[in-house]
Amino acid sequence: MKQFDVVVVGGGHAGCEALHAACRYGLKAALVTLDKTKVGVMSCNPAIGGLGKGHLVREIDALDGIMGLAADVSGIQFRLLNRSKGPAVQGPRTQSDRGLYLKAIQAILAKEDFALIEGEVSALMSGSGVVTGVRLSDGSEVCARTVILTAGTFMRGTIHIGDQRVSAGRMGEASANELSVQMESLGATFGRLKTGTPPRLNGDTINWQCLEVQPADDDPVMLSFLSKSPSVKQVVCGITHTNANTHDTIRKNLGRSAMYGGHISGIGPRYCPSIEDKVVRFADKTSHQIFLEPEGLSTNSVYPNGISTSLPEDIQYQYVRSISGLEGVEILQPGYAIEYDFLNPQGLSSDLESGLLSGLFLAGQINGTTGYEEAASQGLVAAIGVAKRLLGAAPIQFDRSTSYIGVMIDDLTSRGATEPYRMFTSRAEFRLKLRADNADQRLTDQGYTSGCVSSERFAQYTEKIEKLTACRHSLSDMAVSPNQARVAGIDLGLDGRRRNGHELLAIPGVSIQQLRVLEPSLIDRDIEALKQAGREALYVTYIERQGRDIEALARDLSIQIPTAFEYAGISGLSSEMIAKLSEARPQTLGAAKNIEGITPAALTAVFLRLKTQGLREAI
Amino acid sequence: MDTIFAQATAPGRAGVSIIRLSGVQAYSIASEFCNIPLAGRSGLRSLKAADNSLIDKALVLFFEIGASFTGEQVIEFHVHGGLATVAKLLSELSAFDGCRLASPGEFTRRALENGQLDLNQVEALSDLIDAETESQRKQAISVLEGSFGELGKVWRADLLRAVALLEASIDFSDEEIPNDLYLEVLDLVRKTKVSVSSVLNRSSISSKIRSGFTVAIVGTPNVGKSTLLNAIAGRQAAITSDVAGTTRDVIETRVDLKGLAVTFLDTAGLHESDDFIENLGISMAYKASDAADVRIFLVERDNEVLPFPARPDDFVVLNKADLGAKNGLSVSGKTGEGVSELLNLIAERLLKKTSLDVVAIRERQIKGLHAANALLANVMVLTEQKPLAFELACQELYFALTELDFVFGKIDIEGVLDEIFSSFCLGK
């Protein structure tokens, strides 16, 4: 029997990213999926990136992942969110042609050497607490030293439309139920989460003439550092709004909604509420915005972003048709809510290895997250974990002060998930430093050393860094007096202080053009590199102020707390603190510090016990 | 990593108090106060403040890296144990960048991290940690219970909302978010800043411990104010200065009252006068008594009309107990009768004042409030600028919140998100 290094279960965003990363490391990999034509499918909204999410895609890309490349190839409406705000909070996003995205992912994967196995995983195989592979429902076995489970919404997936309930992983696709039961026998305790999707509309039946539109950006910003420009035609989105009639219809039929009819116990995300939720929770709001997003260039399917629902199909028709522009619309596929199994991620290691079995890694919705980007990032982290385990690959430090991925992993493992977890820029306390524009500067080096970044990408990255370094030198060498600055139209007041190029760029409104007047040699410098130096200059004082925090954090992060660490009985800890720490099981003192109500003195007490134990063991 | 300092001996008055300074900057910071003796030796030095005034004559010790309690560079100042001296030195130290008051247990923690303690010592020290946690707990309770705690709750709610509004403008900009939210942010920040400033003004208790409290004796001419002052001075062994006002009509006596430095002022008699010079003296007396923490209204008979209204902390005292009056509080400067009782009452009242403001009495907290105040000013500047630098305003606000951690604990991103999601209908 063939023995794989790693078998990836599930071909969604987490699975594809995990599989490709495993291949980049040269691991012998297999992908088990229920339907090989669905590998890389966008199950929900046809868009990649956004605020916080765009940052994640850039970080995946910096480690040579595939999500950004596929998004760029299939992107039909690139928009840089928060363009008018500072670069730290700008998020690249694109709508993608659903079909092209899937094709792009499959084409990228096809270049790699792996086994593609179609089937349903019904059990994890193991011996002495170590995973040994997976068993399929047809009885066949796939032996592997590690397993990355990316089940998405498939484990005991249940679709709700009104009072109808169907066992399914996605609309029209069977769910995976046996695996949940088998994992429970191994000691897993599943929780239930819920998410929803809107009805898909026939674009040919939408009255586009009466709608506002939102166009793509004039100068599109790509998701991948490697891409230069869009590959296909750019399209516009339509914008329409719900109205009092829509809300009346929904309110009258609330009892028939699966959510409000009491059929769903799973917890849904607050930032992706169904239209029922919106109408109930914000009763005084008479209208909600809807984006009508084309799902592709060669399909008439339209995704109405903002009205996910679990009402019966006839009511969906009623309320959708009450909306301006949609009076004669045809529904191609009704909206639905889906409930699925997830595991509390607090039990995971920072490599996303489950405590259930050694060598079992979990990524994506099974860890309580929502979103393509969150899932893909975890797939990547899990694959890196496998490479560390099997190949001794150099670790990549994902922590709160260096990456959004680190923020997410830390949030999940130390706080857990009480609702589907989504990334926001506000979750990253060091966001001025963790920008989409410098993801490569933060991660590509490490990725290359570890072995998941190709030499082609590394060469391209090195070239960027050389240009940037040259720019930084030129800017540092400048010494501009206020009088000289005035020649270029920069008013500094006459304080007599000479400033270098970085300091000038940090002043709001100062342009690279003005700097080139002052320092003609900058004309020879790469414009992109100059812009990047400008972004850095903007935040440098803030980042320095945060520097001390980061240093302290890094110090704390280096102190590990064993998973089985006993907090009870530590003198100096209140019972409330013991409960909090025992619940959160922080892996490091740094993580413990972030728990609400944990004081420096309490940390000292924990540290003291750690040290004492260490010494006892050493004796 | 920050250089940290704290009083290493028990707080309060003592013969000698030790202030420990530990970290990479310890030597360079200490050098600003005096010449540092050779490592391992002690030396008597005059400690000079930043304004070159003398803080104290102190024994100074220098311990090299690896040879100190924490394992870091350590300087110890052994100063005379007055509250004011210690407070002054702590306040001077806190003015250095990268130098801050140690958190409870932090010296021990550094010592452990640097491998300066063996197993037995580590275990013995856990008792110490207990005590620190207990004192922290008490402090936390007093923070939460007092009126200061109530204020903290208001600040917390307002600043949490301000952060939420800024974050909503950043993270949900592609949704239906009003674009004038910054106006509310500006209001909330301004309101909080005014409130923080007023606490800072009111809780000058910390500086009181440095400079002392003042008690003014006021009353009509010849009622016996000077005699009372002399009686107070005479009863106290620990008179630190005795300045006769030759050029001004306020005479002061500085005494030690149960560990508190208290200056008693004898003011010019308050009465209508045509004399220009005397009127100057009277207006000075009004000013001095207005600024005093406590006033003693010395009267000659019950129900006498006071020259100006008394505050709740003031005393109305009938003078000349030797003349037979026994109703209410009465003293006799001449015989000294009732003076001790009066001093006890004053001490009690002042101590109560310090314990009321126990939160703000701490140097760290005053410093935190000052820093937060300055950062809130930065937020206001950024919020008024066009185009608005949301992410920078937000960062300043987070810096300010960190400074205010001691008032309301960590403001957590989940709390911010709760506020956002309950305020706006978000999610496409």
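Keep in mind the model is a prediction, meaning the values are calculated, not measured.

Draft legend 1. Inspection of the sheet that holds strand E16 (residues 289–294) of chain A at higher detail. Residue and element names in this part refer to chain A. Read from one edge of the open sheet, six strands run E14-E15-E16-E17-E13-E18, paired in antiparallel fashion. The open sheet has two free edges, formed respectively by strand E14 (212–214) and strand E18 (331–333), since each of these has just one partner strand. Between one strand axis and the next, the sheet turns through 40° on average, direction left out of account. The pairing of E16 with strand E17 (residues 301–305) spans four bridges and is classified as antiparallel. Across the sheet, residue Glu293 finds its bridge partner in E17, namely Tyr303.

Draft legend 2. View of the side chain of Thr158 of chain A. All names here are of chain A. Mapped onto the elements, Thr158 comes out in strand E10 (residues 158–161). In this structure the side chain of Thr158 is engaged in a polar contact, spanning 3.4 Å, whose partner is the side chain of Arg192. Excluding anything up to four places from it in sequence, Thr158 contacts Arg165, Val166, Ser167, Ala168, Arg192, Ala337, Ile338 and Glu339.

Draft legend 3. Up close: the environment of Trp208 of chain A. All names here are of chain A. Within the secondary structure layout, Trp208 lies in the loop between strand E13 (200–202) and E14. Distance in space between the C-alpha atoms of Trp208 and Cys237 is 9.7 Å, their sequence separation being 29 residues. From its side chain, Trp208 meets the backbone oxygen of Gly203 in a polar contact 3.0 Å long.

Draft legend 4. Here's a closer look at the pairing of strand E11 (residues 294–299) of chain B. Residues and elements named next belong to chain B. Of all six residues in E11, six are buried, a share of seventy percent or more. On E11, burial covers both faces: Val294, Ile296 and Leu298 on one face and Arg295, Phe297 and Val299 on the other are all buried. Pairing between strand E7 (residues 213–218) and E11: four bridges, direction parallel. What sits directly across from Ala216, in E11, is Arg295. Looking at chain direction, E11 and strand E12 (residues 315–319) are connected through four bridges and run parallel. Considered in E12, the bridge of Ile296 is made with Phe315.

Draft legend 5. Summary view of the packing of aromatic side chains. Applying the stated rule across the entire model yields eight aromatic pairs over all chains. Ring geometry for Tyr448 of chain A and Phe458 of chain A: centres 3.8 Å apart, planes at 0°, overall stacked. Note that Tyr448 of chain A is positioned in helix H11 (residues 439–450) and Phe458 of chain A in helix H12 (residues 455–477), a separation of 10 residues in sequence. On the numbers, 4.9 Å between centres and 65° between planes, the contact of Tyr27 of chain B with Phe62 of chain B is edge-to-face. On the criterion of sequence distance, the pair formed by Tyr27 of chain B in helix H1 (residues 26–31) and Phe62 of chain B in strand E4 (residues 54–63) is long-range, its members being 35 residues apart. What makes Tyr27 of chain B partly exposed here is its relative accessible area of 33%. A residue is classified by how much of its surface remains accessible, and Phe62 of chain B, at 9% relative accessible area, is buried. Ring pairing ties together the aromatic residues Tyr448, Phe458 and Tyr461 of chain A, which thus form one cluster.

Draft legend 6. Inspection of the environment of Gln484 of chain A at higher detail. All names here are of chain A. With respect to the helices and strands, the residue Gln484 is situated in helix H13 (residues 482–487). Counting along the chain gives 34 residues from Gln484 to Leu518, while the straight-line C-alpha distance between them is 7.5 Å. Setting aside anything within four residues of it in sequence, one finds Gln484 in contact with Ala479, Arg498 and Leu518. For Gln484, the side chain forms a polar contact with the main-chain nitrogen of Ser481, separated by 2.8 Å.

Rules and cut-offs
- Residues numbered from 1 in each chain as written.
- Chains lettered and ligands numbered in written order.
- Predicted model: local features only at pLDDT ≥ 70, side-chain atom pairs only at ≥ 80, totals over all residues.
- Heavy atoms only, no water.
- Pairing = 2+ DSSP bridges.
- Helix = DSSP H or I, 4+ residues; strand = E, 2+ residues; numbered from the N terminus.
- Axes fitted to C-alpha atoms, helices over the stretch in contact; angles between N-to-C directions.
- Polar contact = N/O pair within 3.5 Å; in protein donor to acceptor, adjacent residues only side chain to side chain.
- Contact = heavy atoms within 4.5 Å.
- Buried < 20%, exposed > 50% of the residue type's maximum accessible area, 1.4 Å probe, protein only.
- Phe/Tyr/Trp six-rings, centres within 6.5 Å; stacked < 30°, edge-to-face > 60°.

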